[in-house]
Amino acid sequence: MRIKPRFAPLAEAVAMEPRRIERPDTVATVSAPANWTDVRVEAWLDWSDSLPSDLPHDAVAASEPESEGPAASIARWAHRLAAWGHAQGLFARPADAQTFADELTAAVILGLAAPGQVQADGVRAASALDLGEPGAAQHLANLAAARRSERLAERAIQALSDSLKGVADAVDRCEGPREACADPAANPALARAALSARRCGATDADILRAAEGENADASPSVRPGHPLLPVLARRDAVASGGPEALTAAETGLEMDLALVFSPRDAEVLADAALEARAAICLPALAALAENDFEDALDHLTRLLVLALEIEIGCGISPDAASARRREAARPIALGLVGLTDWAVARDADPIAFTAWVGSRLAAAANAASMEIAGRLGPCSEWDAVRDDVLERTSPADAKALAHHGRRHAAISLFVRDAELDLRLGASPFAHHDLFQTDDGEVERRLRPSLARAMARAGGDVEAAERRLFGRRTLVDAPYIDHAALRDLGFTDVELEGVETALSQVNDLASAVAPPVLDAGFVTDVLGLSVEEGSALLPRLGFSDAMIAAAQTYVFGHADLSDWDDAPAALHGLLSHAPAALDTELRRGLEAYSDAPDVTPEVISWRFGALQATRILGQAAREGRRAVVLKRAAPPADFRLDLPEAETPFQRRPEPDVRLESKPVERVVEKVIERDRTRRKLPDRRKGYIQKAAVGGHKVYIHTGEYEDGELGEIFIDMHKEGAAFRSLMNNFAIAISIGLQYGVPLDEFVDAFVFTRFEPAGRVTGNDSIRSASSILDYIFRELGVSYLDRHELANAEPEGLNPDGLGGAADDAEPVPAARFISKGFARGAAPDNLVVVPFGRKPDAPTSGPAATEAVACPACGDFSLQNRGGGWTCDTCGAAPQMQG
C-alpha cells in the first residue's frame, strides 16, 4: 500500500519551542509545538511513558532526535508502526514505509489526529452477559456487591484512618504528663476520640497504639479499573419495566454497565477493551484543509486505519485468550473529537452535518479496511459478522464490501478516552472555554466555535461574554449595589475592598465577608457577629432572590440557554443545554458505527433503582441501541441535619452506709482540656468608658463585657499622639481582645503588663483609684485589674466615697446613690425602674484592724510619685515597685 504525502510538507512549518514541564520526579525541558498548552504537552509525555520499543528483527532503529519531547516520541511511535507494517507485508518497499511514518507523524504534530494509549499489560476483556440466561441476575448482583464493597471500603478506610489520627491528636494537644494525657479516664478529648474510632471499627489495640504515638496512616489503595460490562436484554422486557430492567438498574448504579438489545452490539462492546484506537480532530482538520475537507478526511482516515491495523498486528495483549480474540476480530475505533464545535461553527444544520461526516468517515474506513483485506485477506470473524455489517452499509458500498470482505470485524466511531481528547487540546462542549495565555495563566473565554457562529449571525460577542462571565463589579447591580451597601454603613474603604475581592473570588458571599471586611466593622457598624460559615448578606436583610440576581450580574450565568438577546438564528442552538446538544449529535453517528454510543447518561445522585428503571424503559421505547447510567456526585456541601445523640442517664449506685471504710489519701492530678473555640460577644453588650491622663497624655479605655460581666474586649484611644503610636495601641487592644475571647485569663495579662516602664509615665488624673503609673500599659492593666479582678493592691489612691460631700473616706452611714449613676439608661431601654438605688458597697464594713504605724512617704526617684515607704529596713515604691538604695 502506498501513501501519498499530504500532511508532511505542512508539518515542516510548525514552530517548536522549549518547554519546562513538571513531571512526577523532576522538571523536564522538552521541545513541543508552540501552539500546544502545557497541559497538552504533559498529556503527550504521559502517553509516551508506556510506548513499547520492540521492532522486527531486521528493522533499523530510528535515528536519535535532536531534542526530546512529544514530537520525538510521536516520531518513534510512527517509525515502529512503519517497521512492523513492512514486516507484515503492507508496504512493498522501505520507502513506502518511510512515507507512511512521515505522514503519520505530521498528522499528529499538526493536531489532526492522536492515537489511543498503547496497551502494555491492560485488563482482561469483559464478556457479554445475557439477562435471559439462568443465574445471570445473581451474577449481576454479585458484581454489584463487589463494586459496592470497593467503594464503601475506600471511604471506611479513610474514616478509620482519620479517627485514629484524631486519637493521636488528642494526646498531642493535651497539656500534662504523658501518662495522664494517654489515659482516657484523665483526658476527656482522648475518650471522645477513642469512642469515635471504636464506632469506625478500630479495635481497642489499634486505639492504644495510636495513643502511644504509632503511625495510624492507612490510606486506601487505588481501586482497580474495570471494563464496561455489556448486558444483553430483551427490549420489550425493559420497555415494560420488568424484573430484567430492575436488575440492570440496580447493578448499573454501582458499576459501568451498558444495557444493549442486540447480540451484535453486545459482542462489539465485549471486544471494546481490545480495540486499537485513534481520534480525528475535526476543527483542526477543517481549518487546515479549508475547501478540500472531504479529500483530507478520506486521506487521514485511510492513514489511521492502516496505522491501527499495524498496531493490532504488533500490539501486546494482556493474555493469550485476549490475543487470540483480538487477532480474530481485529476491532478498531476512529473517534471524532470536536464534533459539536465543528458542527456549530458551520453555517448549516448541525445534525445534518453530523450525519454527513459520519457517513463519509464510515465509507472511508470501510474502503481502507477492504483495501487491506485485498492485500492480507479479511479477518477470520468476517463471515460471522458479514450480514450485520452489510445491513448497516450504504447500497453503493455494499456490493464491493460483500466481494472483498473487511479486514476488521468492527469499526467504531466512538472513543471514550479523556486523555486522548486532552492530547488533541479538546474539551467537552460548553458555552465557555479555558485557554492558556502567553504568560502561562489559564483564563475563561467564550467558546471560539460559538463566537464564530454568533458573529456570523450578527450577534454581540461582548454581550455574550458579559452574560457568561458577569461584570465583576457591584456598580449598577440589581438590589445589592453601592447605594444599597452605603445605606447599611459601608464606606469607600469597605466598598473598595469588596470590589477588589470580586476579581479574585467566585461567589458574592466570599467578597462580602471577613477578612475582606474588618471584624470590627461587622460588629460595630453592621451590628452583626462574626460567625464562621455564616453569610452576612442574608443577615443584612437581602433575600435569596436578591442575592441570586446580584450573583448572576457579577459572576455570570452557567450558559446562554436563556439569553434573551441571543441572535434569532441561534435560538434553536442555544436553547439546548451544551451536554444535550452533544448527546444528540453523537446519537446521529450511531447509524454509521458498528458499535453503539456508550457515553454515560448522568442522572441525579438522589435517584434510586426505581427511577433508573424508568429511564431504562424510556430508552428502550425510544429505540436506543445502548444505555449507560451514571449517578452524579452529590453536592460538596451536602450534610445531613442529624440530631445530637443523647447519652442515657446512668443512676449512680447509692453508697452503702453499713460499710465503713477508712479514707485513703491519694494524689489527684487534674488534666485540664482547654476549649480552643472563640467565645463570641453579644451584639448588644455592656461595659464602661474611663477617661484619664497619664503624664498629661489623654487615654480613653472602652470595655465590652459578656452577659455574666466577664471582660471580653477593650478599645484604647489616645489623642494628640502620632499615627504610628495610635495604630500600635489600637492593634494591641485588638490582640488583647482576641486573647480574652479565646479564654486567656485577664490575670495573665495584668501580671504581664503592670510595672512596665516607658514614656509617657507619671501622674494620673481623672481616675479615682490610680494616681500614678509607670507607663500607659501599666495604667491600663491596673485599671482593669482593679475594676474586674478586685485586685485593689494595684490601686495607689483611695477611691472616691459615695457620700455627697466629696471629701473622701465614705462614712458608714452614707446615703444610697441612684442606680442611674451605674446603669446605662439606653442599654436598659427603660427596664430599670427610676426609684432603683445602690447602697454603698452593698456589704457590711470590715472590722477595723490595727496595723503598723504609717510612715512618711518619700518621692520615688524612679517614677516621681510620693509613695516610697521604708519597710523592714529597705525602701520600696508602692507605685512602680522600685527598691532604690537610699543614703542618709
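The structure under discussion appears in the preceding block.
Residues numbered from 1 in each chain as written. Predicted model: local features only at pLDDT ≥ 70, side-chain atom pairs only at ≥ 80, totals over all residues. Heavy atoms only, no water.

Peer 1: I'd like to hear about the overall build of the protein chain, residue by residue, with values.
Peer 2: Along the protein chain, the regular secondary structure elements total 33 helices and 22 strands. In the protein chain, 67% of the contacts between residues at least 6 apart in sequence involve partners at least 24 apart. (Helix = DSSP H or I, 4+ residues; strand = E, 2+ residues; numbered from the N terminus. Contact = heavy atoms within 4.5 Å.)

Peer 1: Could you give me a rundown of helix α29 (residues 609–621), with the residues and numbers involved?
Peer 2: An α-helical turn contains 3.6 residues, so any two residues separated by three or four positions project in the same direction. Helix length check: α29, at 13 residues, gives a terminal C-alpha distance of 18 Å against a target of 18 Å (1.5 Å per residue), a fit within 8%. Buried-residue contacts for α29 involve α9 (235–239), α10 (243–252), β6 (257–260), β12 (601–603) and β13 (626–631). In the stretch just after α29, Gly623 is the one whose phi turns positive, near 85 degrees. (Expected span 1.5 Å × (residues − 1).)

Peer 1: I'd like a rundown of the pairing of strand β10 (residues 432–436), residues and numbers included.
Peer 2: Bridge count for β10 against strand β11 (residues 442–446) is five bridges, and the pairing is antiparallel. Following the sheet pairing, Leu434 is matched in β11 by Arg444. Here β10 folds back onto β11, and the loop between the two strands holds five residues, one of which, Gly440, carries a positive phi near 90 degrees. (Pairing = 2+ DSSP bridges.)

Peer 1: Residues and numbers for helix α7 (residues 188–199), please.
Peer 2: For α7, which comprises 12 residues, the first-to-last C-alpha distance of 17 Å matches the rise-based estimate of 16 Å (1.5 Å per residue) to within 8%. Those residues of α7 that sit buried are Ala189, Leu190, Ala193, Ala194 and Ala197. All buried residues of α7 project into a common sector of 130 degrees when viewed along the axis, lining one side. Elements in contact with the buried residues of α7: α5 (136–172), α6 (178–181) and α8 (204–211). Remark: Gly201 follows α7 within two positions and exhibits a positive phi of approximately 110 degrees. (Buried < 20%, exposed > 50% of the residue type's maximum accessible area, 1.4 Å probe, protein only. Arc of directions from axis to C-beta.)

Peer 1: An account of the packing of aromatic side chains is needed here, citing residue identities and associated values.
Peer 2: Taken as a whole and judged by the stated rule, the model has 13 aromatic pairs. When the ring of Trp342 is compared with that of Phe353, the centres are 5.7 Å apart and the planes differ by 80 degrees; the resulting orientation is edge-to-face. Placement of the pair is Trp342 in helix α15 (residues 339–345) and Phe353 in helix α16 (residues 350–376), with a sequence separation of 11 residues. When the ring of Phe353 is compared with that of Trp356, the centres are 6.5 Å apart and the planes differ by 75 degrees; the resulting orientation is edge-to-face. You can see Phe353 and its partner Trp356 sitting in helix α16, three residues apart, about one turn around the helix. The lysine or arginine in question, Arg606, covers the ring of Trp605, its NZ or CZ lying 5.4 Å from the ring centre. Sitting above the plane of the Tyr706 ring, Arg679 keeps its charged end 3.8 Å from the centroid. (Phe/Tyr/Trp six-rings, centres within 6.5 Å; stacked < 30°, edge-to-face > 60°. Lys NZ or Arg CZ within 6 Å of the ring centre and 35° of its normal.)

Peer 1: Tell me about the nonpolar core, and please be specific about residues and values.
Peer 2: Residues Phe100, Leu104, Ile280, Leu300, Leu306 and Leu560 are the most contacted members of the largest nonpolar core, which totals 93 residues. At 13 residues, helix α13 (residues 293–314) tops the list of elements feeding residues into this core. The residues contacting Ile280, other than those within four sequence positions of it, are Leu112, Ala113, Leu285, Leu297, Leu300, Thr301, Leu304, Gly335, Leu336, Val337 and Leu361. Grouped together as the second largest cluster of nonpolar side chains are 30 residues, Ala733, Leu784, Tyr788 and Leu794 included. (Core = buried A, V, L, I, M, F, W, Y, C linked by side-chain atoms within 4.5 Å.)

Peer 1: Go over the sheet that holds β6 with me, naming the residues and quoting the values.
Peer 2: One open sheet holds the five strands; their spatial order is β4-β5-β6-β13-β12, and the pairing between them is mixed. Strand pairing shows two members of the sheet lacking a second neighbour, β4 (129–130) and β12, which therefore form its edges. Bridge count between β6 and β13: three bridges; the pairing is antiparallel. Counterpart to Ala258 in the pairing with β13 is Val628.

Peer 1: Any details on the state of the cysteines? Residues and values, ideally.
Peer 2: Inspection of the entire model under this criterion finds one disulfide. One disulfide bridge connects Cys174 with Cys181, the sulfur atoms lying 2.3 Å from each other. With the S-S bond torsion at -70 degrees, the cross-link from Cys174 to Cys181 turns out left-handed. Residue classification places Cys181 among the buried positions, given a relative accessible area of 2%. (Disulfide = S-S within 2.5 Å.)

Peer 1: Run through the pairing of strand β14 (residues 689–694), naming residues and quoting values.
Peer 2: Remark: a regular strand shows side chains that alternate across the two faces of the sheet. Pairing between β14 and strand β15 (residues 697–705): six bridges, direction antiparallel. Along β15, the bridge assignment pairs Val694 with His697. Adjacent in sequence and paired antiparallel, β14 and β15 are bridged by two residues, among which Gly695 carries a positive phi angle near 60 degrees. Bridge count for β14 against strand β17 (residues 762–765) is two bridges, and the pairing is antiparallel. Along β17, the bridge assignment pairs Val694 with Val764.

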